[in-house]
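Okay, here's what each chain looks like letter by letter:
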Amino acid sequence: RGCVRCGDAVAARWAFEMAGSAWRVVPDGVAHVALARLLSQSLALKELRAHVEARREEREERLKAVAAARSASPPPPPADAPLA
């Protein structure tokens, strides 16, 4: 968030790259919104569009996985499970 207030686009890009690789953490929704605001403020429209599109694709994949998990039938009980 500090990068949005200060307008330091270079530091924000570096932090986002480090979060996904060396720091091994996953940026949350707030971090993505902050980066999008900073990209907008710095007039980096192409990069902003790419970021938004990547987020959209990630969300669609996650929703498909959740829907598939919900529609899958549960596994059968183990053979030695007691009957209820």
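First, a word on what this report is: a plain description of the structure on this page. (Residues numbered from 1 in each chain as written. Predicted model: local features only at pLDDT ≥ 70, side-chain atom pairs only at ≥ 80, totals over all residues. Heavy atoms only, no water.)

**Regarding the overall build of the protein**
Heads up, the condition is: Each helix is a run of H or I in the DSSP string that is no shorter than four residues. Each strand is a run of E no shorter than two, and both are numbered from the N terminus. Note on method: radius of gyration uses C-alpha positions; expected globular size equals 2.2 Å times residues raised to 0.38. Using a 1.4 Å probe on the protein chains alone, a residue whose accessible area is under 20% of its type maximum counts as buried, one over 50% counts as exposed, and one in between counts as partly exposed. In what follows, residue pairs with any heavy atoms lying within 4.5 Å of each other are defined as contacts. Every accessible area reported is derived by Shrake-Rupley at a probe size of 1.4 Å, with residue values counting cover from the shown protein chains alone. His is not counted, nor are the chain ends; Lys and Arg add positive charge and Asp and Glu add negative charge. Every charge is mapped to an atom, namely NZ of Lys, CZ of Arg, CG of Asp or CD of Glu.
Along its length, the protein carries four helices and zero strands. In summary, the protein has a C-alpha radius of gyration of 20 Å against a globular reference of 12 Å for 84 residues, an excess of more than 25%. With respect to the principal axes defined by its C-alpha atoms, the protein has extents near 65 × 25 × 20 Å. Classification of the 84 residues of the protein by burial places 14% in the buried group. Long-range pairs, those at least 24 residues apart, make up 44% of the contacts in the protein between residues at least 6 apart in sequence. Total accessible area on the protein is roughly 7,000 Å²; 60% of this is exposed by carbon and sulfur atoms. Measuring between centres, the 13 positive side-chain charges of the protein sit 7 Å from its 10 negative side-chain charges.

**Regarding helix H2 (residues 9-20)**
Spacing of three or four residues puts side chains on the same side of an α-helix, whose turn is 3.6 residues. Under the convention used in this document: A helix's residues, less one, multiplied by 1.5 Å, set its expected span. This arc is taken over the directions from the axis of the helix to the C-beta atoms.
Helix length check: H2 (twelve residues) gives 17 Å between terminal C-alpha atoms against 16 Å at 1.5 Å per residue, within 8%. Taken residue by residue, H2 has Ala9, Ala12 and Ala19 as its buried positions. Projected down its long axis, H2 carries its buried residues within an arc of 90°, all on one side. Every exposed residue of H2 that faces more than 90 degrees away from the buried side is listed here: Val10 and Glu17.

**Topic: the pattern of salt bridges**
To be explicit about the condition: Definition used for salt bridges: Asp or Glu carboxyl oxygen within 4 Å of a side-chain nitrogen of Lys or Arg.
According to the stated counting rule, one finds three salt bridges in the structure shown. With its nearest N and O atoms 2.8 Å apart, the salt bridge here joins arginine 56 to glutamate 53. One end of the pair is arginine 56 and the other is glutamate 53, both in helix H4 (residues 45-71) and three residues apart, which spans about a single turn. The class for arginine 56 is partly exposed, based on a relative accessible area of 37%. Between arginine 55 and glutamate 58 there is a salt bridge whose closest N-O contact spans 3.9 Å.

**Some details on the packing of aromatic side chains**
Defined as follows: When the centres of two rings from Phe, Tyr and Trp lie within 6.5 Å, Trp using its six-membered ring, the rings pair. Their planes under 30 degrees apart give stacked, over 60 give edge-to-face, and anything left gives tilted.
Within this structure, the stated rule accounts for one aromatic pair. Residues tryptophan 14 and tryptophan 23 carry aromatic rings whose centres are separated by 5.4 Å and whose planes lie at 90° to one another, so their mutual orientation is edge-to-face. Taking the relative accessible area as the measure of exposure, tryptophan 23 reaches 43% and is therefore partly exposed.

**Remarks on a nonpolar patch on the surface**
Operational definition: Residues form patches when they are more than 30% accessible in relative terms and have no salt bridge. Like charges link within 9 Å. Nonpolar side chains (Val, Leu, Ile, Met, Phe, Trp, Tyr) link within 5 Å.
Together, Trp14, Trp23 and Val25 line one region of the surface with nonpolar side chains, adding up to about 330 Å² of accessible area. Position of tryptophan 23 relative to the elements: it lies in the loop between H2 and helix H3 (29-41).

**Considering the environment of serine 21**
Here serine 21 is to be found in the loop between H2 and H3. Between the C-alpha atoms of serine 21 and arginine 55, which are 34 residues apart in sequence, the distance is 17 Å.

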